Amino acid sequence: MNMINHKQFLIVSSMLSIFFSNVLHASDLKSGYEYLTPATQEMQDDEFANPGMTAVEEGRTEFHRLGVNDKTCATCHGENGSKFNLKKIASYPVYNKEYEKPFTLQEQINFCGEEYLDNVPYVYDCTDLVELEAYVRHLARGEKVNVNITGALKPFYEKGKKLYNKRFGQMNMACAVCHDQFAGQRLRGQVLSQGHSNGFPLYRLGSGKMTSLHGRMEECFRSFRAEPFDRGSDELINLELYLHSRGNGLPIETPAIRY
Amino acid sequence: MQFTISKQIVFVIVFSLLSISALSLSFAEQIFYPWKIENYAIKEPLGGFTGNAQRGRKIVINQDKGNCLACHSLPIPEESFHGTVGPPLHGIASRLNKGQIRLRVADEQKINPFTIMPGFYKNPKENNRVDDNFWGKPVLTAQETEDVITYLMTLK
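What counts and what doesn't
Residues numbered from 1 in each chain as written. Chains lettered and ligands numbered in written order. Predicted model: local features only at pLDDT ≥ 70, side-chain atom pairs only at ≥ 80, totals over all residues. Heavy atoms only, no water. Helix = DSSP H or I, 4+ residues; strand = E, 2+ residues; numbered from the N terminus. Buried < 20%, exposed > 50% of the residue type's maximum accessible area, 1.4 Å probe, protein only. Contact = heavy atoms within 4.5 Å. Areas by Shrake-Rupley, 256 points an atom, 1.4 Å probe, with all protein chains shown as cover. Core = buried A, V, L, I, M, F, W, Y, C linked by side-chain atoms within 4.5 Å. Domains from an automatic or database assignment. Axes fitted to C-alpha atoms, helices over the stretch in contact; angles between N-to-C directions. Parallel < 35°, antiparallel > 145°, perpendicular 65-115°, else oblique. Left-handed = near helix turned anticlockwise from the far one by under 90°. Buried area = accessible area lost by both parts, 1.4 Å probe. Salt bridge = Lys/Arg side-chain N within 4 Å of Asp/Glu carboxyl O. Polar contact = N/O pair within 3.5 Å; in protein donor to acceptor, adjacent residues only side chain to side chain. Nonpolar A, V, L, I, M, F, W, Y, C, P; charged D, E, K, R; others polar.

Bringing the overall build of chain A into the picture now. Counting its regular elements, chain A contains eleven helices and seven strands. Across the 259 residues in chain A, those meeting the buried criterion constitute 50%. Sequence separation of 24 or more characterises 67% of the internal contacts of chain A that already satisfy a separation of 6 or more. Surface accessibility of chain A: about 13100 Å² in total, with carbon and sulfur atoms responsible for 55%.

Written out as structure tokens, the structure is:
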């Protein structure tokens, strides 16, 4: 076969693959929860047995701790976050007009600390921020993820989607390959899930530690031997935006338990 | 005094010789031998190496090397988890010839650009944002890839 045939073959096969490529429909959405054993599901659901609750409790303490100017998060958001609009929590990342970019929940928390408590800002994904995020998301447990990407967030969503489908690393893999095309299949010992973000920050049975969403993405990048993007970078924030909106309709599970 | 200096010089010479050979070794390891596709196959052995089936069998199991079991099931009963992402490779040598298998292991993405299967002897220049530890290298060396291919040829 000569070169032209080879090219023709590639074109036809790419068209076929696009035609058959999996696009997630709302009814097919499967949280990582559905791949857990019943015993682990039970552990996640039981607040006393769920080891991720330790981080949530740390976050609760942090939430009520006095800032430099003698205010706490609760000054604005009520004791135990009673004034939070939980539907709004479930809609993060949201567009921030002042910064003209998406704001993740962690960025919003960090912004509040700096702006209203006069605290020194935290480094993205540091333990305190992950615990605060876990606490706030846990308050919204059961709320359905609902990110609105029709307005100003649209271009950031498109960028995130592009990254999700782009191949990286020595293994030349893309998120979409594992989590769209092959979700449900076994990768040696591990079953691939749809790679949703509704359980983060979550507790990992393997490491015995809390993992943030950016931390999990870093692991996935390393698994196919790609140089990860920095935590809190525009790239990971756009990916976070894409992941959350892709999982619109799934209930928030924080703190989820995963392997 | 004289004695210690000459000892130091000897040490320096030996040390630099050692580090030069270590360097050239690590360069040799990183060499990529280009290959070409004819009729959906790579006819010539990669880098001219001859494979060894027993070594190949170990590489397909090894999680840091081929880790083919991540995606394929193989007649390797002592390993408990075989992947279901790719087709089983039992009897692969009666379906494909050696050159066809070589292309599929070296760079399946040349046949199916949407495949999940990594190219194990893909031109490293075609990769993007590679982790520093793996930069400039294919996943397997030419020798290792030939070992794997030779192992697959035993699966009739």
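Here the narrative resumes, following the displayed structure.
This next bit is on the nonpolar core. Formed by 79 residues in total, the largest nonpolar core has its most connected members in A:F221, B:V60, B:L74, B:I101 and B:L152. When residues of this core are assigned to domains, at least three fall in each of domain 1 (24-46 + 149-258) and domain 2 (53-139) of chain A. Not counting chain neighbours up to four residues away, the residues in contact with A:F221 comprise A:F168, A:A226, A:E227, A:P228, A:F229, A:L236 and A:L239. Core analysis: the second largest hydrophobic core is formed by nine residues, B:A106, B:I111, B:Y121 and B:A142 among them.

Now for the packing of helix α4 (residues 98-107) of chain B against helix α5 (residues 142-152) of chain B. Residues and elements named next belong to chain B. It is at 10 Å that the axes of α4 and α5 come closest, and there the two elements cross at 130 degrees. Taken together, the axes of α4 and α5 are oblique relative to one another. Of the two possible hands of crossing, α4 and α5 adopt the one that is right-handed. On α5, the residues touching K98, I101, R102 and V105 of α4 are T145, E146, V148, I149, T150 and L152.

What follows deals with the interface of chain B and chain A. Taken together, the 35 residues of chain B in the interface contact 33 residues of chain A. In total, chain B and chain A occlude about 3100 Å² of area from one another, counting both sides; carbon and sulfur atoms represent 52% of this. Summed over the shared surface of chain B and chain A, the result is two salt bridges. Here chain B and chain A share 22 residue pairs in polar contact (both at pLDDT 80 or more) between them. In the side of chain B that touches chain A, the residues fall into 16 nonpolar, eleven polar and eight charged.

Moving on, we get to the domain arrangement of chain A. Residue and element names in this part refer to chain A. According to the domain assignment, chain A consists of domain 1 (24-46 + 149-258) and domain 2 (53-139). Each of domain 1 and domain 2 has a C-alpha centre, and these two points are 22 Å apart. Across the domain 1 to domain 2 interface the summed buried area is about 1700 Å²; carbon plus sulfur atoms make up 75%. For D125, the salt bridge identified is with R231, shortest N-O distance 3.1 Å. Applying the counting criterion to the domain 1 and domain 2 interface returns two residue pairs in polar contact (both at pLDDT 80 or more). Broken down by secondary-structure element, the contributors of at least two residues to the side of domain 1 that touches domain 2 are α10 (213-223) and α11 (234-246). For the side of domain 1 that touches domain 2, the leading source of residues is α11, giving five residues.

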